[in-house]
Amino acid sequence: MATLIGAALLISPTLPESGPRPTAKPEPTPVERPAEKPAESEKAAPEHQGPPAPVPGSTQAPVPSEAPVPSEAPTPEPKPNTTPPAEDGAAQPPAPTADASPPPPPIEKEDPEALKACLADLTALGAKFEDSPPIAEDQGCGMEHPIAVRSIADGVTVSEGATMRCETALALTRWVKNMVQPALAVAMPGRKIVAVNHASTYVCRLRNNASTGKISEHARGNAIDIADFKLDDGQSIPMQPREEDSTMEGAFQRAATASACLYFSTVLSPGSDAAHETHLHLDVLKRKNGYRYCR
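Treat the numbers as computed from the prediction; the structure is a model and nothing was measured.

**Side note on the overall build of the protein**
Looking only at helices and strands, the protein has four helices and twelve strands in total. In the protein, buried positions account for 30% of the 295 residues. Long-range contacts, defined here as pairs at least 24 residues apart, represent 58% of the contacts in the protein between residues at least 6 apart. With an accessible surface of roughly 20700 Å², the protein has 57% of that area assigned to carbon and sulfur atoms.

**A few points about the packing of aromatic side chains**
Scanning the model with the defined rule gives three aromatic pairs in all. For the ring pair W175 and F229, a centre distance of 6.1 Å and an interplane angle of 55 degrees mean the geometry is tilted. Taken together, the positions of W175 in helix α3 (residues 166-187) and F229 in strand β8 (residues 223-231) put the pair 54 residues apart, joining distant regions of the chain. As far as burial versus exposure is concerned, W175 and F229 are alike and both buried.

**Quick word on the confidence of the model for the protein**
Averaged over all residues, the pLDDT of the protein equals 78, while 65% of them reach at least 70. Here residues 38-70 is modelled with pLDDT under 50, and outside its nearest four sequence neighbours on either side it reaches eight contacts, counting other chains as well.

**So, the state of the cysteines**
The final tally for this structure, using the stated rule, is three disulfides. Residue C118 pairs covalently with C166 via a disulfide, S to S 2.1 Å. Here C118 and C166 share a disulfide; its torsion about the S-S bond, -105 degrees, makes the bridge left-handed. Of this pair, C118 sits in helix α2 (residues 112-124) while C166 sits in helix α3, placing them 48 residues apart in sequence. In this model C261 forms its disulfide with C294; the gap between the sulfur atoms is 1.7 Å. Sign of the S-S torsion, about 80 degrees for the bond between C261 and C294, identifies this disulfide as right-handed. Placement of the pair is C261 in the loop between α4 (248-260) and β10 (266-268) and C294 in strand β12 (residues 293-294), with a sequence separation of 33 residues. A relative accessible area of 23% means that C294 is categorised as partly exposed.

**Some thoughts on α3**
Its 22 residues place the ends of α3 30 Å apart at the C-alpha level, agreeing with the 32 Å of an ideal helix rising 1.5 Å per residue. Roughly 40 degrees is the biggest bend found in α3, and it falls at V176.

**What about the side chain of T266?**
You can see T266 is positioned in strand β10. The exposure class assigned to T266 is buried, which follows from its relative accessible area of 5%. Here the side chain of T266 touches D283 through a polar contact of 2.8 Å, side chain to side chain. Residues within four places of T266 in sequence aside, it is in contact with H281, L282, D283, L285, R287 and Y293.

**Quick word on α2**
The first and last C-alpha atoms of α2 sit 19 Å apart over 13 residues, in line with the 18 Å expected at 1.5 Å per residue. Burial in α2 covers these residues: L115, C118, L119 and L122. Seen end-on, α2 carries its buried residues on one side only, within an arc spanning 95 degrees. Exposed and oriented more than 90 degrees from the buried face of α2 are E113, K116 and A124. Where α2 is buried, its residues meet β1 (128-131), β4 (147-151) and α3. In the segment just after α2, G126 is the residue with positive phi, at about 95 degrees.

**Thoughts on the pairing of strand β7 (residues 193-200)**
Where strand β5 (residues 157-158) meets β7, two bridges bridge the pair, whose relative direction is parallel. From the neighbouring strand, T157 faces β7, where its bridge partner is A195. Of the strand pairs in this sheet, β7 and β8 are connected by six bridges, and their pairing is antiparallel. The residue of β8 that forms the bridge with A195 is K230.

**Describing unusual backbone geometry**
For D154, which is not glycine, the phi dihedral falls at a positive 60 degrees. As for its placement among the helices and strands, D154 is situated in the loop between β4 and β5. In this model, N289 sits at a positive phi of 60 degrees, which is unusual for a non-glycine residue. Note that N289 resides in the loop between β11 (280-283) and β12.

Basis of the calculations
Residues numbered from 1 in each chain as written. Predicted model: local features only at pLDDT ≥ 70, side-chain atom pairs only at ≥ 80, totals over all residues. Heavy atoms only, no water. Helix = DSSP H or I, 4+ residues; strand = E, 2+ residues; numbered from the N terminus. Buried < 20%, exposed > 50% of the residue type's maximum accessible area, 1.4 Å probe, protein only. Contact = heavy atoms within 4.5 Å. Areas by Shrake-Rupley, 256 points an atom, 1.4 Å probe, with all protein chains shown as cover. Phe/Tyr/Trp six-rings, centres within 6.5 Å; stacked < 30°, edge-to-face > 60°. pLDDT = per-residue confidence, 0-100. Disulfide = S-S within 2.5 Å. Expected span 1.5 Å × (residues − 1). Bend = angle between axes of the 7 residues up to and from the residue. Polar contact = N/O pair within 3.5 Å; in protein donor to acceptor, adjacent residues only side chain to side chain. Arc of directions from axis to C-beta. Pairing = 2+ DSSP bridges.

Structure (structure tokens):
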């Protein structure tokens, strides 16, 4: 058997060392399918569609397309000036500036009954005064019933030109009698005030002599500026900054100034500001809820 197999191998053709390589099969060509039609709701609207072409033989005019939206809004035309001209043809006055003075208040009307009571009280305290004609000036300055004060309680004289309202004179009289004289008696025993020298009473001006702003209480007869007190020995106590004054004069002035707030609604001590370095300002300006400003 082995002999037969060996003989068969001898007579068989010689096989190649390697057989033929298989040929690569070509890849199948993909079949193109027609694209699916999008649904009506998914169709994108064209950005701009021109007018449809006219149908041949049709008499219908083509529908115009919508005009494109401009990229920028048109600039509005300026509005015409509607300010009516002045009746006399003159140019209109310029608009008021921010620093313009407010309109002055009207001259204060005196209540007849209150004025009668004030004059009676002033007379009972021993004050000497004379009625003066009404004062009416520009800028709202003036008084309906001014009085010229000559002296107040206990024969204390007031320097010349003390024109004011009765309410101001009454506050001054009560203050000097009830507070200033007793304070001096403690500070300088045996001494007595015989005169009040003022720096200003009625004067038509704005506050602090400014060129703009509110009208001063001096311009309404409501204020008096005390320059000094004259004593019976000929000495005078000038009103000046005394916050750090350790003398009896300093103590007297501070006591008198503090007590003034009981009779006047505004008290500006010497040195309270640049406009009140050399006098004591007092006025009876009425404020809401009886508020008082004392410095």
